[in-house]
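What the coordinates show
The residues making up each chain are set out below.
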Protein chains: 2
Amino acid sequence: MEGRQEGEVGPVILTVTLNTALDITYRVPSLRAGASHRVSDVLERPGGKGVNVARVLAALGHEVTVTGFSGGPTGRVLRDRLTEVPRVTDALVPVSGATRRTVTLVDDRTGATTHLNEPGPHIAHAEWSAFQEVYEDLLPSASAVALCGSLPPGVPVGAYANLVRTARAARVPVLLDTSGAALRRGVAGRPDLLKPNTEELAELTGSHEPLRATQDARRRGAGTVVASLGADGLLAVTPEGRWRATPPAPLTGNPTGAGDAAVAGLLSALVEHRPWPERLIRATALSAATVLSPTAGDFDRETYERLLTTVTVTVVATAA
Amino acid sequence: MEGRQEGEVGPVILTVTLNTALDITYRVPSLRAGASHRVSDVLERPGGKGVNVARVLAALGHEVTVTGFSGGPTGRVLRDRLTEVPRVTDALVPVSGATRRTVTLVDDRTGATTHLNEPGPHIAHAEWSAFQEVYEDLLPSASAVALCGSLPPGVPVGAYANLVRTARAARVPVLLDTSGAALRRGVAGRPDLLKPNTEELAELTGSHEPLRATQDARRRGAGTVVASLGADGLLAVTPEGRWRATPPAPLTGNPTGAGDAAVAGLLSALVEHRPWPERLIRATALSAATVLSPTAGDFDRETYERLLTTVTVTVVATAA
């Protein structure tokens, strides 16, 4: 693995999305509550955080397997669309409920985005058990696993803690990116890598001071915590040191998917055994290139490659 | 037919919906542009004006055949749901494009509804021809036909004029309920019954004075014009006289589907050969019971039956 170049085929990265979604984006000339709008443009694509991570990983040249749940007519559309993405293998577990939709309204005038998120389908006990078996079967061929997003109804709140432990038992590096109770319980499973944003970090630790909160999150069980601080870039507290990665200029754009792009950057550099500063540069550049992209959740490759040379990484002093 | 009671099985009423839709309704606690919303309640049902008319007719006890176009995953859901509606027969013509979705956002705080309407799928020339054949085959067993709603891309703007002429040649009473160019061209086909709302009437005739505009619309080719004047009820100009039907009190509620309920009322009373005042009472009562219903597009039967005895019909003087 040492010295592997980005773009080479390597072992498969596994991403888990228990609450997949069919993401629908509508462009409207100007959104007004109480009015009727003709939608000028409809975009429909597979979604949920782990699916978004997989798409970015695949764009970087990695083979990715996507698992989690899908069901109903929306689940069928999601799986159909997934077959069109090169280097992504569908290992989603069928469920009787229908995959949720998310609707994003993009106001052409202001650029503001309004999000409507359906609740996920109820997962039956047998469906959750079936998933756990699939997950265990997939782990041995995985170079890393990312557990991403919310838990649909019916999945136990301690689900991520179990999935983290299973990955660790199989000696597969495991990243957790979730929020609320799922995060609080999941971190106790001791994931190798936690990637909270400012809000999730504050909710987990009670602290709004990024470095203190990041250190606290690590004490709660995470091997490494990489906090995404929005426009301020990333803050990493690892066993090998502490770093801050900052994009060259303040970013304006659509932050949708920026966190998922950061996860993909961290994972891809992790499986390529790059040192921490390089991992953080890649994650920050991908995240920023996603914010700057005209299409929500996609990254602009040219911007990404330019940012790789302009993101700065600084060592964070021990006595902060 | 004379003296047929509402609720008896009679000949089939045909409704045509060239631009069917899968109607999705989201309840949100409070809609704010630029924010993320968890949808508390998701309702999904077959839609498009002629489909809505069919549902009301079926609830009144009539056998209805629904034709028009459907396609893609959304079309499959629409057809699946249609099979659950008693007394409705699906004669939709499959197309390669996907049936559009409409999304209605109901603000739980204010009750305001915000509508997002996808454009319809493109209809190929061969698909339009296939529809015309199906339509001609269905007409001989129809007691009346309603042509409802917008034309999807690819269907010629003169489509309704042709469909009206085909119905008239088959001696089947034909009602037209559409807007814009489709209405302007369609009325020239000489439909037996035109049901515009205030806005459509003004757009067609250039006049905002309801009686003058209704008379003008009749001169353009319609046998009878029944204009729906919102809270003011209905205004009918027929070969047998002119009437105004008014609900007993100002209505507050959700007007979604009120026009389609009026069409169903007019059609059901037409095929039962009721006199004009009774047709107008039924249409007004159904329309008002739809506005007052807690579920968008449904009518409350108890309210409907009460309104049947309280809607007033007055003769409109010739020299207005």
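Residues numbered from 1 in each chain as written. Chains lettered and ligands numbered in written order. Predicted model: local features only at pLDDT ≥ 70, side-chain atom pairs only at ≥ 80, totals over all residues. Heavy atoms only, no water.

The name given to chain A in an unreviewed UniProt entry is 1-phosphofructokinase family hexose kinase, and the organism recorded there is Streptomyces labedae. UniProt, in its Sequence similarities (unreviewed entry) section for chain A, records the words "Belongs to the carbohydrate kinase PfkB family." (UniProt positions renumbered as here; feature names shortened; annotations may be inferred.)

It is worth spelling out the packing of helix α8 (residues 258-271) of chain A against helix α9 (residues 276-291) of chain A at this point. All names here are of chain A. Where α8 contacts α9, the two axes come as close as 7 Å, and the packing angle between them is 150°. When the axes of α8 and α9 are compared, the pair comes out roughly antiparallel. Seen along the crossing, α8 lies across α9 with a hand that is right-handed. Each of Ala 258, Ala 261, Ala 262, Ala 264, Gly 265, Leu 266, Ser 268, Ala 269 and Leu 270 in α8 lies in contact with α9, whose residues at this interface are Trp 276, Arg 279, Leu 280, Arg 282, Ala 283, Leu 286, Ser 287, Thr 290 and Val 291. Here the contact of α8 with α9 is composed, by residue class, of 12 nonpolar, four polar and two charged. (Axes fitted to C-alpha atoms, helices over the stretch in contact; angles between N-to-C directions. Helix = DSSP H or I, 4+ residues; strand = E, 2+ residues; numbered from the N terminus. Parallel < 35°, antiparallel > 145°, perpendicular 65-115°, else oblique. Left-handed = near helix turned anticlockwise from the far one by under 90°. Contact = heavy atoms within 4.5 Å. Nonpolar A, V, L, I, M, F, W, Y, C, P; charged D, E, K, R; others polar.)

As a further point, take the interface of chain B and chain A. Listed per partner, the contact involves 27 residues of chain B and 27 residues of chain A. Summed over both sides, the interface of chain B with chain A buries roughly 2100 Å², with 57% coming from carbon and sulfur. Three residues stand out in chain B for area buried against chain A, namely B:Tyr26, B:Arg101 and B:Leu116, and they jointly supply 23% of the buried area on that side. For A:Arg101, the salt bridge identified is with B:Glu44, shortest N-O distance 2.7 Å. Joining chain B to chain A, the criterion identifies 14 residue pairs in polar contact (both at pLDDT 80 or more). Broken down by secondary-structure element, the contributors of at least two residues to the side of chain B that touches chain A are β2 (21-28), β3 (36-38), β4 (41-47), α2 (72-82), β7 (100-107) and β8 (113-117) of chain B. Of the residues contributing to the side of chain B that touches chain A, the split by class is 15 nonpolar, seven polar and five charged. (Buried area = accessible area lost by both parts, 1.4 Å probe. Salt bridge = Lys/Arg side-chain N within 4 Å of Asp/Glu carboxyl O. Polar contact = N/O pair within 3.5 Å; in protein donor to acceptor, adjacent residues only side chain to side chain.)

Here B:His115 lies in strand β8. Only 3.2 Å separates the side chain of B:His115 from the side chain of B:Thr104, close enough to count as a polar contact. Those residues in contact with B:His115, other than ones at most four positions away along the chain, are A:Ala35, A:Ser36, A:His37, B:Val103, B:Thr104 and B:Thr256.

Below, the discussion takes up helix α4 (residues 159-169) of chain A. All names here are of chain A. By the burial criterion, the buried members of α4 are Ala 159, Tyr 160, Ala 161, Leu 163, Val 164 and Ala 167. Elements that come into contact with the buried residues of α4 comprise α3 (125-138), β9 (142-148), β10 (174-177) and α5 (180-187). Positive phi shows up at Arg 171, right after α4, with a value of about 60°. (Buried < 20%, exposed > 50% of the residue type's maximum accessible area, 1.4 Å probe, protein only.)

By a simple turn and slide, chain B fits onto chain A: the slide is 0.0 Å along the axis, the RMSD is 0.0 Å, and the turn is 180°. With respect to symmetry, the two chain copies, as superposed, fit the operation of a two-fold axis. Relative to the rotation axis, the closest C-alpha in chain B is found at B:Pro73, a distance of 3.2 Å. Of all interface residues in chain B, 100% are interface residues in chain A too; the two copies therefore contact each other through one and the same surface. (Least-squares fit on C-alpha atoms with pLDDT ≥ 70 in both.)

Residue and element names in this part refer to chain A. In this structure the tally under the stated criterion is eight aromatic pairs over all chains. Ring centres of Trp 128 and Phe 131 lie 5.7 Å apart, and the angle between their planes is 15°; this geometry places the pair in the stacked category. With Trp 128 and Phe 131 both in helix α3, this residue pair falls three residues apart, about one helical turn. Each member of the pair, Trp 128 as well as Phe 131, carries the same accessibility label: buried. Measuring from centroid to centroid gives 5.8 Å for Phe 131 and Tyr 135, while their planes differ by 25°, and the two rings are stacked. Pair noted here: Phe 131 and Tyr 135 are both in helix α3, with a separation of four residues, about one helical turn. Phe 131 gets classed as buried once you look at its relative accessible area, which sits at 0%. Residue Tyr 135 is classed as buried on the basis of its relative accessible area of 1%. The structure contains a cluster of three or more aromatic residues connected by ring pairs, namely Phe 69, Trp 128, Phe 131 and Tyr 135. Note that Arg 279 overlies the ring of Trp 276, its terminal NZ or CZ placed 4.5 Å from the centroid. (Phe/Tyr/Trp six-rings, centres within 6.5 Å; stacked < 30°, edge-to-face > 60°. Lys NZ or Arg CZ within 6 Å of the ring centre and 35° of its normal.)

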